[in-house]
Each structure stands twice: as structure tokens, then as C-alpha cells.
Amino acid sequence: MPRPIPRAAGGVVVGGAAKPAVAPPVSSRYQPYAPKAAAMTPNDQQNIVIKKVERPVIVMQTTWDLPFNQLERRCVEHHARNLNRPLCPGFLSSQALWLKNAADTAASMPPFTPKMSTTTLEKPAEKTEGHINVRAFLVTGVRKDESQHVLHRIKCVFSQTDGAVQAYGGSTSVEDAPRQKQFLTEAVEAQCGVHVADWLPLTELQYGDSKTMFYIPVGLEGNVCFSKGTDTQPTTSSLIELIDYKITCASSNKNLWELLTAADAYDEYLLRDMVVRIRKLLLESTKKMKAAQEAEQDHKGRVVREKARREQEARDRRKACEDKEKSLKETWRREDEGKTDRQKKDLGEKRSYEMKQIRDECESITISDTKVKEPLHEVILKEDNTALVCFQYFDRPKGIACGTGTV
């Protein structure tokens, strides 16, 4: 059995001999542990001061800016504006063509009440040979029915076949807008009997190998007619029903998804127009208020100037009386030279009367209280239905979805 190597207490063995341990060098990165502190007493625990460290608060940006004036919208941006709508398979992007229209065109559209006619039409075969699907979002203006919300007073007309809805129109291969409008006018008049004078672009939906164009009418004429011998019949619905309609699967009914997307685009179009109207109304109110304030300031300035003029006029008249009194005394002093006391006494009563008249005249001088004519403030208390409609459009009923975007 080998003999154990002796070890010194607290040492290391090198070559069989024990040497004392050497403490490692202390560098800037190495600090020995502090000695263990003694147990804290209750009094020490009460004297502990806890310092609150202020840290900066970082706010996460959960949404991005979605301006209304963005024409080209990718698939993700389009969905972010209308989160309640699922995306249709094959959909790539959209274009807000209503931005090219002049401001206040949709809101100022004349109201049109769609009436169902008893006349029936021979429904022509819908054209499907083109790669451009041109559709009409037949929407009326805001009807004058103050008992309902403005979203209920806007009606939309479309066709319905066995429960499946679709906007009026058809497919074509023409690219230019004037020919598309002419094609749409003929198609709508043949399908439902309504004549449209002109069209405004609403939105464009881009797919992989095709696209869908939506137009809104300007100047509707005639009555909506039924189609003879078919199951396709016209249907009217309010704009609020289309905006609030929940669709679960867009792939099963692409036509319905496109109609609802057009309703969302028209809703955004109206939001822009209502903002323009509200801004115009506020600017007009500000202009009138500014004119009234300027008139009020001008009136106050004229009052101050008139008061200063009258005060100066009163001071001048008093000074004239005082000068007259001094001049009269000087005249009497020169006249009294060489006269006896008896003569002066005889003239004293007459002079006292003249002096009393001058002093009474001086004391009677006051500032005239003639008022400056105030400006006329005509207050007309009347209800502005245009302003009410604009503000009511943003005050939506509870539960009604609204597109996301900044104006």
C-alpha cells in the first residue's frame, strides 16, 4: 500500500512537499466577497430607505397610420382598414378611385327613391367574355327622412338570384373609362330599367388575372323593373345593412364579397365628403364669428374715442371759462384805477352778477352721454340639416363597424 503524501493545513502539495496557500491577485474585474453582514435587528429594518427608480415608459405602436388619401392599397393594407371582412382568395390589391372625384360629390348627390315597377323586362344574357368585371353600385342620395339615422336613409339596389346577390353590370374587355361607362349604362338599363346619366369611379379590385371595377351613378332616372321569366329580381337594402353584414367565407360567394367591399369603399368616400363639409361649415362659422368680433372691437374702439373726444371738449370749454374769468378780472382791475371806493362799491353788485354767470356756465359743463350706435347682431335660430347629417354620419349606432383610417 503506498504511503500517503502529507498535506499541510491550508496548503497545496507540490512535488510531495506542502507549501502555504497564496491568495489570488485582486484585479479590476475581480473583487472578493464582502464579509457576511450581521443579522439585522427590527430597528435596522425600520430605518431602511427604499429609493424609487424612475424608468422610461415605452409605448408600443400597435397600429400604423392609414390615411384616406392613399390610392394604391395592398392586400394587407386593405384588410387593415376593414378587419370585419375576410379576404377573398386571389385578391391582391385595391385602388380607391373615389379619391379622383371632386370633394363633396357623394354627399351632395340628389336623393332618389327606388320604386319597383310592375313592368317586366326581358333579361338579356350577361356578358362574360372580358377579363374586366364592370359593376354598378347603385346607391341613392340621402333621403329626407329625419326620423332615421343617415345610414338608414341611403339605399342600394342590386340583383338577387336564389339568395345570391350581385351588383348589376357585366364583363368586358375595354380598358378606357368612357367606354366602360357606356357599357355599364346599357347593361344597367337592360337589366333593371334604370337610366343613369353619368358615372363616377368608386373602387378597383385587382386579382391575379382579372379585376373588378365599381362605379356609382350620377343622376338616376326611372323605376326598377323586374326580369320576366327568371328568378333574378331587384333588391334594395340600406347602406348600414351592407356595412354591418357579416360574411364568414368570401370564397363561396365572391360577388357578395365584392358588393360589400364596394359598400365599404362608398362608406369611406362619404366619410371624406362629410369631413370636407364639416370643415367648410366650421370655416364659415369661424369667418362669421371673426367678423362679429371685429365689429365688436371696432365698436369698443369708437366708444373709447368718442368718450375721449367729449372729455377733451369739456376740458376746453372749462378752460375757456377760466380764461374769460381771468380776462374779466384783469379788465376790472384796469378800470378801477383812479376810482374811489364809493364808485367801486357801486360797480360791485353788477360785477358779482357777471362773475356768477361765468362760474355757473363753467360748472354746468358736463360730458355728453350720447351713445355710439352699436352694430347690429342678427341672430337667426334655425336648424341646419346639412350640418346635422354630416355630424350624424360619424355618430354611428352601437355595434356598427367603421373603417379604420385617418382624415
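Scroll up for the structure.
Please read these numbers as outputs of a predicted model, since none were measured by experiment.

Cut-offs used in this document
- Residues numbered from 1 in each chain as written.
- Predicted model: local features only at pLDDT ≥ 70, side-chain atom pairs only at ≥ 80, totals over all residues.
- Heavy atoms only, no water.
- Helix = DSSP H or I, 4+ residues; strand = E, 2+ residues; numbered from the N terminus.
- Contact = heavy atoms within 4.5 Å.
- 1 Å grid on protein atoms, 1.4 Å probe; cavity = no way out; pocket = protein on both sides within 12 Å on 5 of 7 lines; lining within 4 Å.
- Points joined across faces, edges and corners; volume = space filled by probe spheres on them.
- Nonpolar A, V, L, I, M, F, W, Y, C, P; charged D, E, K, R; others polar.
- Polar contact = N/O pair within 3.5 Å; in protein donor to acceptor, adjacent residues only side chain to side chain.
- Phe/Tyr/Trp six-rings, centres within 6.5 Å; stacked < 30°, edge-to-face > 60°.
- Buried < 20%, exposed > 50% of the residue type's maximum accessible area, 1.4 Å probe, protein only.
- Core = buried A, V, L, I, M, F, W, Y, C linked by side-chain atoms within 4.5 Å.
- Pairing = 2+ DSSP bridges.
- Expected span 1.5 Å × (residues − 1).
- Axes fitted to C-alpha atoms, helices over the stretch in contact; angles between N-to-C directions.
- Salt bridge = Lys/Arg side-chain N within 4 Å of Asp/Glu carboxyl O.

**Q** Talk me through the overall build of the protein; I want residue IDs and the actual numbers.
**A** Summing up its helical and strand segments, the protein has seven helices and 14 strands in all. Once local pairs closer than 6 in sequence are excluded, the contacts in the protein between residues at least 24 apart make up 74%.

**Q** Which residues make up empty space enclosed by the protein, and what values do they have?
**A** Under the definition given, this model contains five cavities of 30 Å³ or more. Taken as a whole, the largest cavity encloses approximately 110 Å³ of empty space. Residue lining of the largest cavity: 13 residues in total, with Arg 73, His 78, Ser 94, Ala 265 and Glu 268 positioned closest to the centre. Elements with a contribution of two residues or more to the lining of the largest cavity: helix H2 (75–81), strand E4 (91–95) and helix H5 (254–335). Per-element tally for the lining of the largest cavity: the top contributor is H5, with four residues. Its residues assigned to classes, the lining of the largest cavity shows three nonpolar, six polar and four charged.

**Q** Got a sec to walk through the environment of Lys 246? Specific residues and values, please.
**A** In this structure, Lys 246 sits in the loop between helix H4 (239–244) and H5. One polar contact links the side chain of Lys 246 to the main-chain carbonyl oxygen of Asp 244, over a distance of 3.0 Å.

**Q** If you had to explain the packing of aromatic side chains to someone new, which residues and values would you point to?
**A** Counting across every chain of the model gives five aromatic pairs. Plain terms: the ring middles of Phe 91 and Trp 257 are 5.3 Å apart, the flat faces sit at 65 degrees to each other, and that makes the pair edge-to-face. Highlighted residues: Phe 91 in strand E4 and Trp 257 in helix H5, separated in sequence by 166 residues. Since its relative accessible area comes to 6%, Phe 91 is described here as buried.

**Q** Explain the nonpolar core to me, and be specific about the residues and the numbers.
**A** Of all hydrophobic cores here, the largest spans 45 residues; its most connected members are Phe 137, Leu 202, Ile 216, Leu 239, Tyr 266, Tyr 269 and Tyr 393. Taken together, the elements giving at least two residues each to this core come down to strand E8 (155–161), strand E11 (195–207), strand E12 (211–221), H4, H5 and helix H7 (385–394). Looking at which element gives the most residues to this core, the answer is H5, with 13 residues. Beyond its immediate stretch of four places on either side in the chain, Tyr 269 contacts Trp 98, Asn 101, Ala 102, Thr 105, Ala 106, Leu 200, Leu 202 and Ile 216. Core analysis: the second largest hydrophobic core is formed by 17 residues, Val 134, Val 157, Val 188 and Met 213 among them.

**Q** Any details on the pairing of strand E10 (residues 168–172)? Residues and values, ideally.
**A** Looking along a regular strand, one sees the side chains alternate between the two faces of the sheet. Counting buried residues in E10 gives five out of five residues, a clear majority hidden from the surface. As paired elements, strand E6 (residues 132–136) and E10 share five bridges and run antiparallel to each other. In the sheet register, Ala 136 faces E10, and the bridge partner there is Tyr 168.

**Q** Give a description of helix H3 (residues 177–192) that names residues and reports values.
**A** For H3, which comprises 16 residues, the first-to-last C-alpha distance of 22 Å matches the rise-based estimate of 22 Å (1.5 Å per residue) to within 8%. Within the sequence span of H3, burial applies to Gln 180, Phe 183, Leu 184, Thr 185, Ala 187, Val 188, Gln 191 and Cys 192. Residue Gly 193 follows H3 closely and has a positive phi angle near 80 degrees.

**Q** Could you give an account of the sheet that holds E10, with specific residues and numbers?
**A** In spatial order, the strands read E3-E4-E11-E12-E6-E10; together these six strands make up an open sheet with mixed pairing. Across the chains shown, the open sheet's two edge strands, defined by having one partner strand only, are strand E3 (72–74) and E10. With direction set aside, neighbouring strand axes in the sheet form an average angle of 25 degrees. Along the sheet, H3 makes contact with E6, E10, E11 and E12, crossing E10 at roughly 135 degrees.

**Q** So what about the pattern of salt bridges? Which residues, and what values?
**A** Taken as a whole and assessed by the stated rule, the structure comprises 17 salt bridges. Notably, a salt bridge pairs Glu 204 with Lys 211, separated by 3.7 Å at the nearest N-O pair. The two residues Glu 204 and Lys 211 agree in class, both being buried. Because the salt bridges share partners, they merge into one network encompassing Glu 306, Arg 309, Arg 310 and Glu 313.

**Q** Tell me about the pairing of E11, and name the residues and values.
**A** Strand direction decides the pairing type here: E4 and E11, joined by four bridges, are antiparallel. Paired with Phe 91 across the bridge in E11 is Tyr 207. Bridge analysis of E11 against E12 gives 10 bridges, and the strand direction is antiparallel. Considered in E12, the bridge of Leu 205 is made with Thr 212. Between the antiparallel neighbours E11 and E12 lie three residues.

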